[in-house]
Amino acid sequence: MEFLDVVRRRKTTNGPFRPDPVSREHQRLLMEVAGRAPSQLNSQPWRFVIVEDRATIDRIASISGESMTEAMSNGTFFERYKPYFRFSADEMAEKRSGMLFDKLPALLRPFTKQVFTSRGQKLMNGLRVPQTLGEENRKLVAGSPLLLGVMLDRSEYRPGELSSFYSLFSMGAAMENVWLTTVELGMGIQFVSFPMEVPGKWQLIVDLLGVPDDLELMAVYRLGYLPAEQVRPAIDWSSRERKKPSQYVFRNSCATPETEWDGE
Ligand SMILES: Cc1cc2nc3c(=O)[nH]c(=O)nc-3n(C[C@H](O)[C@H](O)[C@H](O)COP(=O)(O)O)c2cc1C
């Protein structure tokens, strides 16, 4: 595949993966490209744990589903992320960022305007939306043939110091190499991040993976091969929109947005 096509086709997979195990060769390749990433003084502060053990994946899936139900039913998730939620194509065309919830059960569509109100929260809880979404999330994670834990070496990643920015940047670069390579391999990838949203849940995964004190677990991803026909979850979003260059590129100084490429 052409490199630029890979970059343009890279995306997050919200739906299920095929159950097929990820080949050892593809696992080796994903770790090779991660390790090729740039890092401050070539310190390579990243560490990875590849999880194929069924019991471990099922346990992390339960933790993720429970976390989603909790974050959705106590309102923290909507409160925290409402600036990114879009419920109409017009709103998305205007903002050109965030998540467009373009797949919603008919029952919920009339209430999208209330989703951020306490009345809306009561309604969703009454309709058990958090439980439905939590169970769907558990199934998605449990149905993944492979989870990838990403850690940083604490001797490099020292929050509050310049090294923490460097380490996070390097980790991001390593993960982008992995993300791009999934495109080439016919695979998909998605954050398993709800356990980060609920106090105490992340520590359960840290303990489960036996993360030693000198490493910090920074993220968990689910990976797998993409089915020929991708089934969208009952409640789903798309986030292919991007800002126009003039909205994020400047020329010579920040007083001059770059407007030449907007139509391209
Ligand atoms: C730091 C970070 C955190 C993210 N967290 C989540 C997440 O919790 N769940 C999810 O489905 N996607 C998550 N994503 C993926 C973004 O939602 C996605 O990259 C964005 O919407 C653009 O969509 P695309 O990746 O399909 O181009 C995250 C991405 C980044 C870089």
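Refer to the structure above for everything that follows.
In short, a report on the structure. Because the structure is predicted, anything quoted here is derived from the model rather than measured.

## What about the packing of aromatic side chains?
Line of reasoning, step 1. What the rule picks out here adds up to 13 aromatic pairs.
Line of reasoning, step 2. Each ring, one from Phe 77 and one from Phe 85, has its centre 5.8 Å from the other, and the planes form 45°; the classification is tilted.
Line of reasoning, step 3. Among the residues examined, Phe 77 registers a relative accessible area of 12% and is labelled buried.
Line of reasoning, step 4. Given a relative accessible area of 6%, Phe 85 falls into the buried group.
Line of reasoning, step 5. Ring geometry for Phe 165 and Tyr 166: centres 5.7 Å apart, planes at 50°, overall tilted.

## As for the site of the ligand
Line of reasoning, step 1. Close to the ligand lie Arg 10, Lys 11, Thr 12, Met 99, Gln 190, Phe 191, Ser 193, Trp 237, Ser 239, Arg 240 and Arg 242.
Line of reasoning, step 2. Taking Thr 12, its side chain carries an N or O atom lying 2.7 Å from an oxygen atom of the ligand.
Line of reasoning, step 3. Ser 193 places a side-chain nitrogen or oxygen 2.2 Å from an oxygen atom of the ligand.
Line of reasoning, step 4. For the ligand, whose unbound accessible area comes to 620 Å², protein coverage reaches 63%.
Line of reasoning, step 5. Here the shell around the ligand is built from residues that sort into three nonpolar, four polar and four charged.

## A short note on the sheet that holds strand 3 (residues 99-103)
Line of reasoning, step 1. Pairing in this open sheet of three strands is mixed, and the strands run 2-3-7 from one edge to the other. Because the sheet does not close on itself, it has two edges, and the strands there are strand 2 (85-86) and strand 7 (236-238).

## Focus on a nonpolar patch on the surface
Line of reasoning, step 1. A surface patch of nonpolar side chains, amounting to about 440 Å² of accessible area, comprises Leu 162, Phe 165, Tyr 166 and Phe 169.
Line of reasoning, step 2. When you line up the elements, Phe 169 lands in helix 8 (residues 162-184).
Line of reasoning, step 3. A residue is classified by how much of its surface remains accessible, and Phe 169, at 52% relative accessible area, is exposed.

## Brief notes about the sheet that holds strand 1 (residues 46-51)
Line of reasoning, step 1. Spatial ordering of the open sheet is given by 1-4-6-5, a layout of four strands whose pairing is antiparallel. Of all strands in the sheet, those with a lone pairing partner are strand 1 and strand 5 (187-191), marking the two edges. Geometrically, the sheet is characterised by an average inter-axis angle of 30° between neighbouring strands, direction not taken into account.
Line of reasoning, step 2. The sheet contact formed by strand 1 and strand 4 (residues 146-153) spans six bridges and is antiparallel. Within strand 4, the position partnered with Ile 50 by the bridge is Leu 148.
Line of reasoning, step 3. Its contacts with the sheet put helix 8 on strand 1, strand 4, strand 5 and strand 6 (215-225), and the angle it makes with strand 5 is roughly 145°.

## Some words on the side chain of Thr 182
Line of reasoning, step 1. Tracing the backbone through its elements, the reader meets Thr 182 in helix 8.
Line of reasoning, step 2. What Thr 182 contacts, discounting residues up to four positions off in sequence, is Leu 30, Met 187, Gly 188, Ile 189 and Leu 223.

## Looking at the environment of Ser 163
Line of reasoning, step 1. Residue placement: Ser 163 occurs in helix 8.
Line of reasoning, step 2. Not counting the four nearest positions on each side in its chain, Ser 163 is found in contact with Gln 40, Glu 156, Tyr 157 and Arg 158.
Line of reasoning, step 3. Engagement of the side chain of Ser 163 in a polar contact is seen with the backbone oxygen of Glu 156, the distance being 2.8 Å.

Cut-offs used in this document
Residues numbered from 1 in each chain as written. Predicted model: local features only at pLDDT ≥ 70, side-chain atom pairs only at ≥ 80, totals over all residues. Heavy atoms only, no water. Phe/Tyr/Trp six-rings, centres within 6.5 Å; stacked < 30°, edge-to-face > 60°. Buried < 20%, exposed > 50% of the residue type's maximum accessible area, 1.4 Å probe, protein only. Near = heavy atom within 4 Å. Polar contact = N/O pair within 3.5 Å; in protein donor to acceptor, adjacent residues only side chain to side chain. Areas by Shrake-Rupley, 256 points an atom, 1.4 Å probe, with all protein chains shown as cover. Nonpolar A, V, L, I, M, F, W, Y, C, P; charged D, E, K, R; others polar. Pairing = 2+ DSSP bridges. Helix = DSSP H or I, 4+ residues; strand = E, 2+ residues; numbered from the N terminus. Patch = residues over 30% accessible without salt bridge, like charges linked within 9 Å, V, L, I, M, F, W, Y side chains within 5 Å. Salt bridge = Lys/Arg side-chain N within 4 Å of Asp/Glu carboxyl O. Axes fitted to C-alpha atoms, helices over the stretch in contact; angles between N-to-C directions. Contact = heavy atoms within 4.5 Å.

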